[in-house]
Amino acid sequence: MATTNGTTHTTSPSTSTPQKRPTVCVFCGASPGTSPSHLAAARALAHVLHSANLNLVYGGGTVGIMGEVAKTLVSLSGPDSVHGIIPKALLRYERSYIEDEAGEGKEIDPRKTIDEKTYGRTTVVKDMHTRKQMMAQEVSDGGAGGGFVSLSGGYGTLEETMEMVTWNQLGIHAHPVVLFDVDGYWEPIIQWVRNSVGAGFIAENNAGIMVAAKTAEEVLERLRDYQTAEGRFKLKWNEK
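Basis of the calculations
Residues numbered from 1 in each chain as written. Predicted model: local features only at pLDDT ≥ 70, side-chain atom pairs only at ≥ 80, totals over all residues. Heavy atoms only, no water. Helix = DSSP H or I, 4+ residues; strand = E, 2+ residues; numbered from the N terminus. Buried < 20%, exposed > 50% of the residue type's maximum accessible area, 1.4 Å probe, protein only. Contact = heavy atoms within 4.5 Å. Areas by Shrake-Rupley, 256 points an atom, 1.4 Å probe, with all protein chains shown as cover. Axes fitted to C-alpha atoms, helices over the stretch in contact; angles between N-to-C directions. Parallel < 35°, antiparallel > 145°, perpendicular 65-115°, else oblique. Left-handed = near helix turned anticlockwise from the far one by under 90°. Nonpolar A, V, L, I, M, F, W, Y, C, P; charged D, E, K, R; others polar. Phe/Tyr/Trp six-rings, centres within 6.5 Å; stacked < 30°, edge-to-face > 60°. Patch = residues over 30% accessible without salt bridge, like charges linked within 9 Å, V, L, I, M, F, W, Y side chains within 5 Å. Salt bridge = Lys/Arg side-chain N within 4 Å of Asp/Glu carboxyl O. Disulfide = S-S within 2.5 Å. Pairing = 2+ DSSP bridges. Right-handed = clockwise from strand over helix to strand, strands pointing away.

### Here we look at the overall build of the protein chain
Part 1 of the reasoning: Check the secondary structure of the protein chain and you find nine helices and 10 strands.
Part 2 of the reasoning: Per-residue burial for the protein chain yields a buried fraction of 44% across its 240 residues.
Part 3 of the reasoning: Of the contacts formed within the protein chain by residues at least 6 apart in sequence, a portion of 73% connects residues at least 24 apart.
Part 4 of the reasoning: For the protein chain, the computed accessible surface area is about 12600 Å², with 53% contributed by carbon and sulfur atoms.

### Description of the packing of helix H1 (residues 36-51) against helix H9 (residues 216-225)
Part 1 of the reasoning: As a packed pair, H1 and H9 sit with axes 8 Å apart at the nearest point and diverge in direction by 45°. Judged by the inter-axis angle, H1 sits oblique to H9. The handedness of the crossing between H1 and H9 is right-handed. From H1, Ala 44, Leu 45 and Val 48 reach across to H9, where they touch Ala 216, Glu 217, Val 219 and Leu 220.
Part 2 of the reasoning: Of the residues assigned to the contact of H1 with H9, the class counts are six nonpolar, no polar and one charged.

### Quick word on the packing of aromatic side chains
Part 1 of the reasoning: In this structure the tally under the stated criterion is two aromatic pairs.
Part 2 of the reasoning: When the centroid spacing of 6.0 Å and the interplanar angle of 10° are considered together, the rings of Phe 27 and Phe 148 count as stacked. With Phe 27 in strand E4 (residues 23-27) and Phe 148 in strand E8 (residues 147-150), this residue pair connects regions lying 121 residues apart in the sequence.
Part 3 of the reasoning: Plain terms: the ring middles of Tyr 185 and Trp 186 are 5.3 Å apart, the flat faces sit at 85° to each other, and that makes the pair edge-to-face.
Part 4 of the reasoning: Classification of Tyr 185 by relative accessible area gives partly exposed; the value is 36%.

### Observations regarding a nonpolar patch on the surface
Part 1 of the reasoning: Together, Ile 172, Phe 233, Leu 235 and Trp 237 make up an exposed nonpolar region whose accessible area comes to about 380 Å².
Part 2 of the reasoning: For Trp 237, the position within the fold is in the segment after H9.

### Brief notes about the pattern of salt bridges
Part 1 of the reasoning: This structure, assessed with the given rule, holds nine salt bridges.
Part 2 of the reasoning: Between Asp 181 and Lys 214 there is a salt bridge, with the nearest N and O atoms lying 2.8 Å from each other. In this pair, Asp 181 sits in the loop between strand E9 (177-180) and helix H8 (187-199) while Lys 214 sits in the loop between strand E10 (210-213) and H9, placing the two residues 33 residues apart along the sequence.
Part 3 of the reasoning: Between Arg 222 and Glu 218 there is a salt bridge; the shortest N-O distance is 3.6 Å. One end of the pair, Arg 222, and the other, Glu 218, are both in helix H9, four residues apart, so they sit about a helical turn from each other.
Part 4 of the reasoning: Overall, the relative accessible area of 27% leaves Arg 222 in the partly exposed class.
Part 5 of the reasoning: Using a relative accessible area of 24% as the deciding quantity, one classes Glu 218 as partly exposed.
Part 6 of the reasoning: Look at the salt bridges and you will find they share partners, linking Arg 43, Glu 68 and Lys 71 into a network.

### So, the state of the cysteines
Part 1 of the reasoning: Taken as a whole and assessed by the stated rule, the structure comprises zero disulfides.
Part 2 of the reasoning: Considering cysteine sulfurs only, Cys 28 is the nearest to Cys 25, which forms no disulfide, with 9.2 Å between them.
Part 3 of the reasoning: Judged by relative accessible area, which is 0%, Cys 25 ranks as buried.

### Quick look at the environment of Arg 224
Part 1 of the reasoning: The residue Arg 224 is located in helix H9 in this model.
Part 2 of the reasoning: Overall, the relative accessible area of 58% leaves Arg 224 in the exposed class.
Part 3 of the reasoning: For the pair Arg 224 and Gly 146, spaced 78 residues apart in sequence, the C-alpha to C-alpha distance is 8.2 Å.

### Quick word on the pairing of strand E6 (residues 82-87)
Part 1 of the reasoning: E6 sits mainly inside the fold: six of its six residues count as buried.
Part 2 of the reasoning: Where strand E5 (residues 55-58) meets E6, three bridges bridge the pair, whose relative direction is parallel. By the bridge assignment, Tyr 58 is partnered in E6 with Gly 84.
Part 3 of the reasoning: Between the parallel elements E5 and E6, the chain passes through helix H2 (residues 64-77) in a crossover that is right-handed.
Part 4 of the reasoning: Here E6 pairs with strand E7 (residues 121-125) via five bridges, running parallel. By the bridge assignment, Ile 86 is partnered in E7 with Val 124.

So, in structure tokens, the structure goes:
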């Protein structure tokens, strides 16, 4: 058995079939948060991804929680285990760089802002839609056991999470969506789902599309044991 570029190859006497490693897409903030628990959770998640031989695709930032989970996994599994996807417009805000080389109003050269040996392979894209589409595609292209995990974050993290929940409900994908509920951070969203079910806006048999975990180990369990919701829409998205 050998691993190249994040793909594990198994060899039998008669044939050689490449087996893709599962990929986990992590949504999280470019801020570290005010509690050290958030960065600690990012490191813990990276350790369980490493132990489970899972790849990471994320938003490509090198600061805050984004940078912490990426550099920790790279330090454990190597640069090929991590793929960051970032819009060019966000390079200034979500990646660390030398100020005098990229001051206000100056064009940022991605070659000077991307340290792939520390943060993994990086792809710079034109917009937010391309970023999300590429991240979701990597999860779908990976082996069984992948999915979407949300660490703590702000508006962007919430929007990305809810889009993947919506796509799951619409039948665009069937992958787990896991909230890593650090210090109760996601509890208001979990309660909102309960309230929405009670108010008749979310079907009860779709309430489990998004699941919660309190520890990194529980995140891995939720990914492995995830059951698709019975109420998902059976829509055909590839028909012409």
